[in-house]
Amino acid sequence: MSSPLRVAVIGAGRMGADHIQRLHHRISGAEVAAVVDIDEARASAAIAGIEGAVALTDAQAALDSANVDAILIATPGFLHQDILFKALERDIPILCEKPLTPDAASSWGIVQAEAKLGRKRIQVGFMRRYDAEYAQLETLIRSGELGELLMLHHQHRNPDTPAGFTNEMLINDSVVHEFDAIRFFTGEEITSVQVRLGKATKNAPEGQHDPQHVLIETESGVLADVEIYVNAQFGYEVATQASFETGIVSIGNDAGPYVRTAGQWGGRVTPGFEERFGAAYDTEIQAWVDAAARGELGGPSAWDGYATAACCEAGVEAQRTGERVAVKLNEKPALYS
Ligand code: ISE
């Protein structure tokens, strides 16, 4: 058996802590070698019970360590660029949580640096591609079994938002997933984004207009819409309905035990994204570890990170202006074709 991939996890917040537990308990062929967080206590708490792992406060120390083979970046997005450049320089496998970087220009810089390196070293954490139903819908679309895909209707509902979640984050932090999903399903780039602000809930924090209706068009004219509703109170829901020439396909609706008791019938609503996408995250990280062992990364690439960053920029402009905003991309480097 080959030796495990020694991973440094950068950022021990909500997502980082989740990935540390995943790597330690459920992923084969990898181990947590280091955890980096500017909050030393948080880094130390995150390695509790993980033999051999070290807690650090500086990403550079992890990158300099001879005991680190790969890094998983789970810091806030504005810190990604610097770490990505340094990790590309070390030429090691990288799993970078979304967004690749917060804007298209800096994401393009990462694409160029990786293209110059000449091999894919970055996988972006668009975990929905690893959700079983997402993968089945994508396969169905490719098969042509139901004719052409014509429209996609997405519902993206969160129970509430953490402190500091701005109006722009409805696009940059939430709809970024649909931008990637639509590109994944259609195999096309997104050409325009429009955002409509209708009647708003009184349950949104100051400054947030919630819900929003996002209208998206792809190269061949597939129309997609997203209801992004981040203070929906009732629970977590990420669902899609796809309209084909000869059928309609729905994914993401809560299933599971259907219970009848005490004069009531029904089931449990998914509480959050960790539960909704737990299995997808496991599959995503296992695929990254396996690919790193083979020396060839697949999955959502730096190009996908760049293209979605461009969609987010158009989305935020559309939010502000009410206009339909075109998405413009630079020419795709051969590495990503
Ligand atoms: C969060 O960052 C995620 O990635 C979740 O999947 C998404 O549902 C949520 O809206 C984001 O804030």
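Residues numbered from 1 in each chain as written. Predicted model: local features only at pLDDT ≥ 70, side-chain atom pairs only at ≥ 80, totals over all residues. Heavy atoms only, no water.

**As for the sheet that holds strand β2 (residues 30-36)**
- Strand order in the open sheet made by the six strands is β3-β2-β1-β4-β5-β6, with parallel pairing throughout. Each having just a single partner strand, β3 (54-56) and β6 (122-124) make up the two edges of the open sheet. Mean inter-strand twist for the sheet, computed between neighbouring axes without regard to direction, equals 25 degrees.
- For strand β5 (residues 94-96) and β6, the ladder comprises three bridges, and the chain directions are parallel. Pairing of Leu-95 across the sheet is with Gln-123, part of β6.
- Those strands touched by helix α1 (residues 14-25) are β1 (5-10), β2 and β4 (70-73), and its axis lies near 150 degrees from that of β2. (Pairing = 2+ DSSP bridges. Helix = DSSP H or I, 4+ residues; strand = E, 2+ residues; numbered from the N terminus. Axes fitted to C-alpha atoms, helices over the stretch in contact; angles between N-to-C directions. Contact = heavy atoms within 4.5 Å.)

**Here's the deal with the packing of aromatic side chains**
- Applying the stated criterion across every chain, the model contains eight aromatic pairs.
- Centroid distance Trp-108 to Tyr-306: 5.1 Å. Interplanar angle 50 degrees. Geometry classified as tilted. Placement of Trp-108 in helix α5 (residues 104-117) and of Tyr-306 in helix α10 (residues 302-321) is noted, with a sequence separation of 198 residues between them.
- An aromatic cluster is built from Trp-108, Trp-303 and Tyr-306, whose rings are joined through pairwise contacts. (Phe/Tyr/Trp six-rings, centres within 6.5 Å; stacked < 30°, edge-to-face > 60°.)

**Let's talk about the sheet that holds strand β10 (residues 223-229)**
- Spatially, β12-β11-β7-β10-β9-β8-β15 is the arrangement adopted by the seven strands of the open sheet, whose pairing is mixed. Both edges of this open sheet fall to β12 (248-251) and β15 (325-326), since each of them pairs with a single strand only.
- With four bridges connecting them, strand β11 (residues 237-244) and β12 associate as antiparallel partners. In the sheet register, Ser-243 faces β12, and the bridge partner there is Ile-248.
- The strands touched by helix α7 (residues 169-186) within the sheet are β7 (149-157), β8 (190-196), β9 (212-218), β10 and β12, with β7 carrying the most contacts at an inclination of about 150 degrees.
- Where α10 meets the sheet, it contacts β8, β9 and β15, and its direction lies at approximately 30 degrees from that of β8.

**Regarding the nonpolar core**
- In terms of nonpolar packing, the biggest core is built from 77 residues, with Ile-71, Ile-94, Ile-122, Phe-179, Phe-185 and Val-214 touching the most fellow members.
- Among the elements that line this core, the one with the most residues is α10, at ten residues.
- Composition of this core by domain shows at least three residues from each of domain 1 (5-128 + 279-301) and domain 2 (129-272 + 308-336).
- Not counting the four nearest positions on each side in its chain, Ile-94 is found in contact with Ile-71, Ile-73, Leu-84, Ala-87, Leu-88, Arg-121, Ile-122, Gln-123, Trp-288 and Leu-297.
- Counting residues in hydrophobic clusters, the runner-up holds 25 residues, among them Leu-5, Val-35, Ala-70 and Ala-74. (Core = buried A, V, L, I, M, F, W, Y, C linked by side-chain atoms within 4.5 Å. Buried < 20%, exposed > 50% of the residue type's maximum accessible area, 1.4 Å probe, protein only. Domains from an automatic or database assignment.)

**Section: the packing of helix α6 (residues 132-143) against α7**
- Contact geometry for α6 and α7: axes closest at 8 Å, N-to-C directions at 40 degrees. Of the residues in α7, those touching α6 at Tyr-134, Leu-137, Glu-138, Ile-141 and Arg-142 are Ala-181, Phe-184, Phe-185 and Thr-186.
- Class assignment for the residues of the contact of α6 with α7 results in six nonpolar, one polar and two charged. (Nonpolar A, V, L, I, M, F, W, Y, C, P; charged D, E, K, R; others polar.)

**Brief notes about unusual backbone geometry**
- Of the consecutive residues Lys-98 and Pro-99, the connecting peptide bond is found in the cis state with omega at -5 degrees.
- As for its position among the elements, Pro-99 is in the loop between β5 and α5.
- Across the junction of Asp-210 and Pro-211, the peptide omega takes the value 0 degrees, indicating a cis bond.
- Residue Gln-233 is not a glycine yet carries a positive backbone phi of 70 degrees.

**Topic: the pairing of β8**
- Of the pairings in the sheet, the one linking β8 to β9 comprises six bridges and is antiparallel in character. The residue of β9 that forms the bridge with Val-195 is Val-214.
- Where β8 meets β15, two bridges bridge the pair, whose relative direction is antiparallel. Bridged to Ser-192 within β15 is Ala-326.

**Let's talk about the UniProt feature "domain: GFO/IDH/MocA-like oxidoreductase" (unreviewed entry) in the protein chain**
- Residues annotated by UniProt as "domain: GFO/IDH/MocA-like oxidoreductase" (unreviewed entry) correspond here to residues 134-248.
- As annotated, residues 134-248 has a helix share of 24% and a strand share of 34%, and its two end C-alpha atoms lie 15 Å apart. (UniProt positions renumbered as here; feature names shortened; annotations may be inferred.)

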